[in-house]
Amino acid sequence: MKYIIFGLFTIFTVKLSAQQKQFSKSDNGKFIYYQVVDSQLVDKNILLQRARSFVDLAYKKSMKLESSTDSSVLAKGNMVIDKTILVAGHPSGEISYNLVFEVRQGKYRFWLTDMLFIPYQRDRYGNFVPATTIGVPLERTPGKLGAGAWKDILNSTYNKVEKFGDEFKKYLATNRMEKIKNKAETISTKKW
Amino acid sequence: MKKFLTAIFAMASTTCALAQETTSSPLEISGSVDTYFKYDFAKNPLNSKTSFVTDHNSVSLGMIDIALKKKTGKASFVGELSFGPRGQSQSIPDAAAGGSSFNIQNLYVNYDFTDEFSMTAGYMGTFIGYEVISPVGNFNYSTSYLFTNGPFQNAGIKATYKFSDKASLMAGLFNDWNVYSATRGVSAIGGQLMVAPVEGWTAYINALSGAGFGGYGTIVDLTTAYQITEKFKLALNAANYDIKDNAVPGSYAGAALYPQYAVSDAVTLGLRGEYFKFKAAGAVPETAFTAVTLTANIKSGGLTFIPEVRLDHNKDKPFFNKSGAAAPNGGQFSLAAVYAF
């Protein structure tokens, strides 16, 4: 029984710590997830190429390249936000966003902003689909009745965006060609 | 309690373990619970001529609905069961006769052959019409005549091809309406064309021909909704059903308009105006209903309060007044609470 109580306590603690994270606001009052990354080991052009590849290949189903220069990438995307009930859950909505990536020799920065929330509802077949096509800015102040639900949406969004940011940084730090080469290596049992 | 919690943790660890080994999505659990109070202005429960919300002056149950969904690679399933009056005897197929069992809302498997082409087989919510059994899927708590008299669910196999985000086509073979297993074989053919001409506007043109209510018949249906602004949405449902045998009553035609306006983040007001007629069949004459329903949706998290006033009219006097005499008008007030999770 004490293990169960300990398990529940751990889940509760993790949930509390997750709630403490929140978005900063940009100059124009919008929520922003902003990161500057020191990247001395990778050339500027390779970082730019990897950023484009991230949009065009890794996230091709949920992102679209808007524009690209020799030092920046601008893309639009969306991500699904989940509603979790202890161990399982379902999608509660999606967030559309703008991703801006800028690179200089030795470092790069990126930020996600202009985030809009589109709630999902369950359709007649039991699938979760967008309830509307018009998104609500994440910065809006909800009424008293919807404040709790909105707080959950902000928390879920932050966690998802943070995870996305980590994946983006990892992608930019990884040499895909080397990774593919390593993956293709086979082990022969014919020789010792 | 201990066993229950242990089972949940075991399920959690199994789900996590599976997720690490495959490309499967987590198990989705969702559902709803609803309850209502209704007061018929003539104090007569028989004045309800449409599905659900039947009891007068009673705090009554809707249903508890539980849905599971999982996707592994290209294959997925949905299983959805409901218990309670709305999900049992009032939803037609009752697994054990007598209204004491449950109703399967959805039970099907799906396979995405490509991003555009998929096939689905099993028992599914019908593709006909605007309203559904689940109170979470409807704006109004009471239901329309079009919903009540059309199919609720169809068992069958269907193929869907998505041309783009703006158009898709579905075609399928189905059993007769609302049955878990066919009573007249796989005897109906159905199709659905979806078009989304502009952002926010979606239209479904549906047809189902074969075994259905009253024998063999054909239903043609238009269901469309347009989110015109952030606050205003307009939907329309129109349908025509013809039973092959002209002497069998049950053929109908009708249309319902659904304007909805969000007055705040939490409160949306909506109106349903409906015209519906049963066509003449043999010695049974044509009879027509008009109904106006004013509904509010007041949301707080997963909970939605639905106060509603409904007025029905039929010149052939199918309703009853307070003294029990036949009357051309019926009216009711209801307050429902629906929790979705």
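Just so we're clear, the structure is a prediction, and the values are computed from it rather than from any experiment.

A. Representation of the overall build of chain B in the model. Counting secondary structure elements, chain B contains two helices and 18 strands. For chain B, restricting intrachain contacts to residue pairs at least 6 apart in sequence, the fraction spanning at least 24 positions comes to 51%.

B. Main features of the overall build of chain A. When you go through chain A residue by residue, the secondary structure sums to four helices and eight strands. Each helix (α) and strand (β) of chain A, taken in turn from the N terminus, gives the series α-β-β-α-β-β-β-β-β-β-α-α. In chain A, buried positions account for 22% of the 192 residues. For chain A, the proportion of contacts with a sequence separation of at least 24, taken over those separated by at least 6, is 47%.

C. Structural context of the nonpolar core. By size, the foremost hydrophobic cluster in this structure holds 29 residues, and its most contacted members are B:Y123, B:Y145, B:L146, B:I219, B:Y258 and B:F276. Contributing elements (two or more residues each) for this core: strand 4 (103-112), strand 5 (117-125), helix 2 (145-149), strand 9 (201-212), strand 11 (232-243), strand 12 (252-262), strand 13 (267-278) and strand 14 (287-300) of chain B. Excluding residues that lie within four positions of it along the chain, B:L146 makes contacts with B:G129, B:N237, B:A239, B:G254, B:A256, B:E274 and B:F276. If you look at the next biggest cluster of nonpolar residues, it comprises 28 residues, including A:A51, A:F54, A:I81 and A:V103.

D. Representation of the environment of B:L146. All names here are of chain B. Along the chain, L146 turns up in helix 2. Here L146 falls in the buried class, since 26 other C-beta atoms lie within 10 Å of it. C-alpha of L146 to C-alpha of V179: the two residues are 33 residues apart in sequence and 19 Å apart in space.

E. Highlighting helix 2 (residues 44-58) of chain A. Its 15 residues give helix 2 of chain A an end-to-end C-alpha distance of 20 Å, which sits within 8% of 21 Å, the value for a rise of 1.5 Å per residue. Buried within helix 2 of chain A are the following residues: A:L47, A:L48, A:R50, A:A51, A:F54 and A:V55.

F. Layout of the confidence of the model for chain B. All names here are of chain B. Mean pLDDT over chain B stands at 90; residues scoring 70 or higher make up 90%. When mean pLDDT is taken per element in chain B, strand 13 scores highest with 98 and helix 1 (residues 2-21) scores lowest with 42. Under a pLDDT of 50 for its full length, residues 4-22 has, in the predicted model, 14 contacts with residues more than four places off or in other chains. Note on the complex model: pTM 0.85, ipTM 0.86.

G. How the structure looks around the packing of helix 2 of chain A against helix 3 (residues 147-173) of chain A. All names here are of chain A. In the contact formed by helix 2 and helix 3, the axes pass within 9 Å of each other and the chain directions differ by 125 degrees. It follows from the interaxial angle that helix 2 and helix 3 lie oblique. Helix 2 and helix 3 meet at a crossing whose hand is right-handed. Between helix 2 and helix 3, the residues in contact are L47, R50, A51, F54 and A58 and F168, Y171 and L172, respectively.

H. Quick peek at helix 3 of chain A. Its 27 residues place the ends of helix 3 of chain A 39 Å apart at the C-alpha level, agreeing with the 39 Å of an ideal helix rising 1.5 Å per residue. Within the span of helix 3 of chain A, buried status applies to A:A149, A:I153, A:L154, A:S156, A:T157, A:V161, A:F168 and A:L172.

I. Here's a closer look at the environment of B:G212. All names here are of chain B. Structurally, G212 is set in strand 9. Given 27 C-beta atoms within a 10 Å radius, G212 is considered buried. Placed 41 residues apart in sequence, G212 and A171 show a C-alpha to C-alpha distance of 17 Å. With sequence-adjacent residues up to four places away left out, G212 is seen in contact with P151, D176, W177, A188 and G217.

J. Structural context of unusual backbone geometry. All names here are of chain B. The phi dihedral of K43 is positive, around 55 degrees, even though this residue is not glycine. Along the chain, K43 falls in the loop between strand 1 (28-40) and strand 2 (58-72). Phi at F52 takes a positive value of approximately 65 degrees, unusual for a residue other than glycine. Note on placement: F52 falls in the loop between strand 1 and strand 2. By the C-beta count within 10 Å, which is 26 here, F52 ends up buried.

K. A look at the environment of B:F113. Residues and elements named next belong to chain B. With respect to the element layout, F113 can be found in the loop between strand 4 and strand 5. According to the C-beta neighbour criterion, F113 is exposed, with 11 such atoms within 10 Å. Linking F113 and A75, residues 38 residues apart in sequence, is a C-alpha distance of 8.9 Å. For F113, the contacting residues outside a window of four places in its chain are S118 and M119.

L. Representation of the pairing of strand 9 of chain B within the structure. Residue and element names in this part refer to chain B. In this structure, strand 8 (residues 188-195) lies alongside strand 9, joined through seven bridges in antiparallel fashion. Paired with M194 across the two strands is Y204, which belongs to strand 9. The antiparallel pairing of strand 8 with strand 9 creates a hairpin that spans five residues between the two strands, and G200 there sits at a positive phi of about 95 degrees. Pairing of strand 9 with strand 10 (residues 215-227), which is carried by 12 bridges, proceeds in the antiparallel orientation. Bridge assignment links L208 to a residue of strand 10, and that residue is I219. What sits between the antiparallel neighbours strand 9 and strand 10 is a turn of two residues, in which G214 has the positive phi angle 80 degrees.

M. The arrangement of the pairing of strand 7 (residues 167-174) of chain B in detail. Residues and elements named next belong to chain B. Bridge count between strand 6 (residues 153-164) and strand 7: eight bridges; the pairing is antiparallel. Residue pairing for strand 7: I157 is matched across the bridge by L173. From the end of strand 6 to the start of strand 7, which pair antiparallel, there are two residues. Relative to strand 8, strand 7 is paired through eight bridges, and the arrangement is antiparallel.

Cut-offs used in this document
- Residues numbered from 1 in each chain as written.
- Chains lettered and ligands numbered in written order.
- Predicted model: local features only at pLDDT ≥ 70, side-chain atom pairs only at ≥ 80, totals over all residues.
- Helix = DSSP H or I, 4+ residues; strand = E, 2+ residues; numbered from the N terminus.
- Contact = placed C-beta atoms within 7 Å.
- Buried ≥ 20, exposed ≤ 12 C-beta atoms within 10 Å, placed from the backbone.
- Core = buried A, V, L, I, M, F, W, Y, C linked by C-beta atoms within 7 Å.
- Expected span 1.5 Å × (residues − 1).
- pLDDT = per-residue confidence, 0-100.
- Axes fitted to C-alpha atoms, helices over the stretch in contact; angles between N-to-C directions.
- Parallel < 35°, antiparallel > 145°, perpendicular 65-115°, else oblique.
- Left-handed = near helix turned anticlockwise from the far one by under 90°.
- Pairing = 2+ DSSP bridges.

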